[in-house]
Structures are given as structure tokens and as C-alpha cells.
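# Structural overview for review
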Amino acid sequence: MNQEDKLKILKDILLKDEHEYASSIEVKLKKLEDLINKQNNLSKHIDPILEDKLEAFIKEMPKTLGPTITQTLQEEIKNSQDAVVEALYPIMGKMIKKYVQKEIQILSENINKSLNNTFSWASIKRKFRSKKSGVSQGDMIIHDQFKSKIEQIMVIESGSGLIVSEYSKTEGIDQDTVAGMLTAIKSFAQDAFTTQIQNLEYIEYENYHIHLQNFSNYYIAVVISGAFTATFRSKLEDKLLDFAQNIINKTDLENSDIFNTKLKDYFDNENI
Amino acid sequence: MKISKKIVLIGHFGVGKSSLIRRFVENTFTEDYKVTIGVHILKKEVTLPKSNDDITLVIWDLEGNDDITNTRPSYLIGTNGFLYVFDMTRPATYQSLENDLDYIKDRYPNIPLKVIGNKKDLVTNDFIKQNKDVFGRFVDFYTSAKSGTNVDDVFTNLAEAVIKEAKK
């Protein structure tokens, strides 16, 4: 054994641990290289992390970016009103056109129906009126289509908002709830204007007009469709006053059956 | 002949007035709290078990108020029955109970009034016993809008009292 062999043995003894450590690092490095360089291996580890982060981002996005996006949109809309109008115009235009077409179709059908009923009592009456007044039958039919029509009458106890009596041609609303809400609105208006003398007299709800005629212990709410003209309103007020003064009496307020009958008899013909 | 009666629920904010009504009328409950603004009106037709009378309860759910004197008096006109609701888990909602009840009784004498300790599902029977000085003196019903405990009974009981008062 020469000097060099001895030195090698000594080296092996002294550096054994370092050798093993270096070898293990080499193996780890190889594994890391495989992990990084081979897409399949890398995605196995990174995909779940990315998915979690993405999910969290989607969840948080409305909170973090929402206000900024909203503000940006608001500013953009404000600054580019012409562009917005240009973008919306075709859509809105189509919608309005469709609505108008539908309404005209309904009107046309109603006019046809009226004209087809040539021998009905209404038709004979109309012909007679037309000849007498010089207004064409067509104009009269169109006028009739838009005239005010009483849909519902509710007699409501002031304060409690409970229905005393009601009359309607079509079932469509929950009268008890509506009567309560009307009373609440009236009460609120009275409180807001800090006066007990004035009363809420009119409410508009989409295509309906609600006329409120106030009396001491109760008020009458009349739901009207069609054009609610000043002439119609005046006639309606006269009718309601006449009904209150001459048709019903105090005891009727305590008997809703009698009240209902009187209300129906009086307003059934709708001669307003 | 149809009988309709106006029932009004009053009490502090967030005591569960709307939840009680929703449980009674629609038999539903939600944890989402939506504050009542102004007044919300619902109705339910009930047949009273004792008298067999059919009655429509028009229920006014008033917005909560920490001070009862701030309740709009115009909403209370013509009321046939009151339900005063408080939250058993929040002392602030029943600390002024006695004064509030006196306020109602003074202004609306002879109108049936029932007092409800709500959110029973959140307190123990021991807690109720510990607070018997307040609860025992004034409370008519312990309810839970969440579980539905006693909710129907409260309204039925009040309706019976209202009809009894009307027949006097």
C-alpha cells in the first residue's frame, strides 16, 4: 500500500458523510429537475394551489374590484352619454315599437268587435248619437276605448283601514291589504304635512288612478282605468257625494251586506 | 257577514315582529334581517277554535321604535288588538316594558293587548326563571318565530280577546 492509497482510504473515512450528503442532494436535484421540466409533474402540484387561489379571487372579486368597476362604469356612462344612448336606442326602440304595436292591435280588435256588433243596442245607440252630433262612429268608438272606467270601489273605515264595503267588476287585488296600505299612506301624508284638515285625494299607480273621497268616519277609494279627466273626476265626486248623502245611512256602515248591495246597485250602471 | 279586525305589532327594532307575522301568515322564516320602514300590512283569515267565528286579521307591522312615544299615532287609530313584542336576548328591548305598556293602556283602554317575549329558541328555561321579575309579571307568551313555538297561539288568543271585547 503506497502513500496515495493510504491517503484515499483516509479521505474515504473522513469524507464519508459529506459524500452521502452530496449524493442525496444530487438525487433531490434530479427530482426537482424532473418536477420543473416535466409539465405533467409540475401541474400536479401547482394546479390545486392555482384553483384555490382562483376560487378565492372569484369570491373576493365583487368586494375588491366591484366598487372600482361600478365607479368606472358610472364615470364612463356619465362621460359618454351619447354613446350610451346610441347603444341603447335600438333595443329601447324595438321594445317601445313592440309595445305600441301590441296596444294598437288590441285597440284595433276592440274597434272591430264594436263595429261587428251592428245590431247590438250599443251600436244602434252609437249610430243615433253619431247622426245627431255629426261625430263619426269611428271617432266615437276610439273615444270609448280611452274613456275612464271604474274598476273597483272600496269603502274604507278611516283610521283602522278596514273595508266596510267593496264593489269590483274584476277580482285582482287583495282589498283588505290595499285598503290598509291606502290608509297608512293617508296617515303618513297627514303626519308629514302636520295637518288634520287636509287629505290625500289622489294616487296614481301605473295605468290606474285611485281617487280618494274623504268623509268623516270613512273614505271611498275608487280605482279607475283609462284617461282620468277633470270632467270625469268632477262627475265622480258628485256621484260619490250623492251616494253618501242620499243612498246610505249610518246603520249601513255596520252592516257590510246591505252596504255592498247599495254600492253595487248604485255603481253597476256606471252612468258617470 | 265578514268580520275584519286590525291587529298592530309594536316594539323595538329587530325584536322579530315581521318574522312573527311571516311565520303566522306564510309559515316561513328567514335569518336575513330586513328592517321594516313605515308599515307593512298583511292579512290572514282564521277560524277561532272556541267560538268557531271566522275572522280576518289585518295585521299592521309597524317599524321598530326604541321609544314608543315616537310611534305614529295615526297608525294606531282604530286598532282592535295590540301585540307588544320584545327580544328576550336583548335587555334594552324590555327595560322600558312597564312604561311602554302603561303608555298603550292609557291611550287605548279596553283594547286587548298581549305581551310577547320572542326568540325563545335562544334562551334557556333557567334564564326565564332568573328574569321572572320582569317576564313573569308582564309576558303572556314566549315565542320563537324561528321554530314557530306559540306563534299561532298568540294570534288566535288575541283574536279571541278582540272578539270578546267587540261583543261586550
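With an unreviewed UniProt entry as reference, chain A is termed Cell envelope biogenesis protein OmpA, source organism Olleya marilimosa.

Residue and element names in this part refer to chain A. Tracing the chain through its elements places Ala-227 in the loop between β5 (218-225) and α9 (230-247). The sequence separation of Ala-227 and Phe-146 amounts to 81 residues, and the corresponding C-alpha distance is 6.0 Å. Residues contacting Ala-227, with those up to four places away along its chain left out, are Phe-146, Lys-147 and Ser-148.

To continue, consider the nonpolar core. Residue and element names in this part refer to chain B. Core analysis: the biggest nonpolar cluster contains 29 residues, and Ile-10, Trp-60, Tyr-84 and Phe-86 have the highest contact counts within it. Elements with a contribution of two residues or more to this core: β1 (4-11), β2 (39-47), β3 (54-62), α2 (73-76), β4 (81-87), α3 (97-107), β5 (113-118) and α5 (132-138). With 4 residues, the top contributor of residues to this core is α3. Residues in contact with Phe-86, not counting those within four places in the same chain, are Val-15, Thr-93, Tyr-94, Leu-97, Val-115, Ile-116, Gly-117, Asn-118, Phe-135 and Val-139. Leu-42, Val-46, Leu-48 and Ile-59 belong to the second-largest nonpolar core, a separate cluster that totals 24 residues.

Counting residues at the interface gives 17 residues for chain A, matched by 17 residues for chain B. Three residues stand out in chain A for area buried against chain B, namely Leu-162, Asp-176 and Asp-191 of chain A, and they jointly supply 34% of the buried area on that side. At the boundary of chain A and chain B, one finds 2 salt bridges. Linking chain A with chain B are 4 residue pairs in polar contact (both at pLDDT 80 or more), by the criterion used here.

Further remarks concern the sheet that holds β3 of chain B. All names here are of chain B. Strand order in this open sheet of 6 strands is β2-β3-β1-β4-β5-β6, and the pairing throughout is mixed. Since the sheet does not close on itself, it has two edges, and those belong to β2 and β6 (141-142), each with one partner. In this structure, β4 lies alongside β5, joined through 6 bridges in parallel fashion. Within the sheet, the bridge partner assigned to Tyr-84 lies in β5 and is Val-115.

Here we take up the confidence of the model for chain A. Overall, the predicted model of chain A reaches an average pLDDT of 83, with 96% of residues at or above 70. Strand β4 (residues 208-214) of chain A holds the highest mean pLDDT among the elements of chain A, 91, whereas helix α7 (residues 137-146) of chain A holds the lowest, 72.

This part is about a negative patch on the surface. Taken together, Asp-47, Glu-51, Asp-52 and Glu-55 of chain A make up a surface patch of like negative charges. Here Asp-47 of chain A falls in the partly exposed class, since its relative accessible area comes to 36%.

All right, on to the packing of aromatic side chains then. With the rule as written, the count across this model stands at 15 aromatic pairs over all chains. Ring centres of Phe-127 of chain B and Phe-135 of chain B lie 6.1 Å apart, and the angle between their planes is 55°; this geometry places the pair in the tilted category. Judged by relative accessible area, which is 24%, Phe-127 of chain B ranks as partly exposed. Aromatic ring contacts, followed pair by pair, group Phe-86, Tyr-94, Phe-127, Phe-135 and Tyr-142 of chain B into a single cluster. When the ring centre of Tyr-219 of chain A is taken as reference, the NZ or CZ atom of Lys-186 of chain A above it lies at 4.6 Å. Between Lys-239 of chain A and the ring centre of Tyr-266 of chain A, over which it is positioned, the NZ or CZ distance is 4.7 Å.

The subject of this paragraph is the sheet that holds strand β3 (residues 202-205) of chain A. Strand pairing in a sheet is mediated by backbone hydrogen bonds. Such pairs are either parallel or antiparallel. All names here are of chain A. Taken together, 5 strands build an open sheet; the order of strands is β2-β1-β5-β4-β3 and the sheet is antiparallel. Edge positions in the sheet fall to β2 (163-168) and β3, since each of these pairs with one other strand and no more. For this sheet, the mean angle separating the axes of adjacent strands, direction not counted, is 15°. Alignment of β4 against β5, held across 7 bridges, turns out to be antiparallel. For Leu-212, the partnering residue across the bridge sits in β5 and is Ala-221. In this fold helix α8 (residues 175-192) packs onto β1 (149-157), β2, β3, β4 and β5, with an angle of close to 70° to the strand it touches most, β1.

Parameters and conventions
- Residues numbered from 1 in each chain as written.
- Chains lettered and ligands numbered in written order.
- Predicted model: local features only at pLDDT ≥ 70, side-chain atom pairs only at ≥ 80, totals over all residues.
- Heavy atoms only, no water.
- Helix = DSSP H or I, 4+ residues; strand = E, 2+ residues; numbered from the N terminus.
- Contact = heavy atoms within 4.5 Å.
- Core = buried A, V, L, I, M, F, W, Y, C linked by side-chain atoms within 4.5 Å.
- Buried < 20%, exposed > 50% of the residue type's maximum accessible area, 1.4 Å probe, protein only.
- Buried area = accessible area lost by both parts, 1.4 Å probe.
- Salt bridge = Lys/Arg side-chain N within 4 Å of Asp/Glu carboxyl O.
- Polar contact = N/O pair within 3.5 Å; in protein donor to acceptor, adjacent residues only side chain to side chain.
- Pairing = 2+ DSSP bridges.
- pLDDT = per-residue confidence, 0-100.
- Patch = residues over 30% accessible without salt bridge, like charges linked within 9 Å, V, L, I, M, F, W, Y side chains within 5 Å.
- Areas by Shrake-Rupley, 256 points an atom, 1.4 Å probe, with all protein chains shown as cover.
- Lys, Arg positive; Asp, Glu negative; His and termini not counted.
- Charge placed at Lys NZ, Arg CZ, Asp CG, Glu CD.
- Phe/Tyr/Trp six-rings, centres within 6.5 Å; stacked < 30°, edge-to-face > 60°.
- Lys NZ or Arg CZ within 6 Å of the ring centre and 35° of its normal.
- Axes fitted to C-alpha atoms, helices over the stretch in contact; angles between N-to-C directions.

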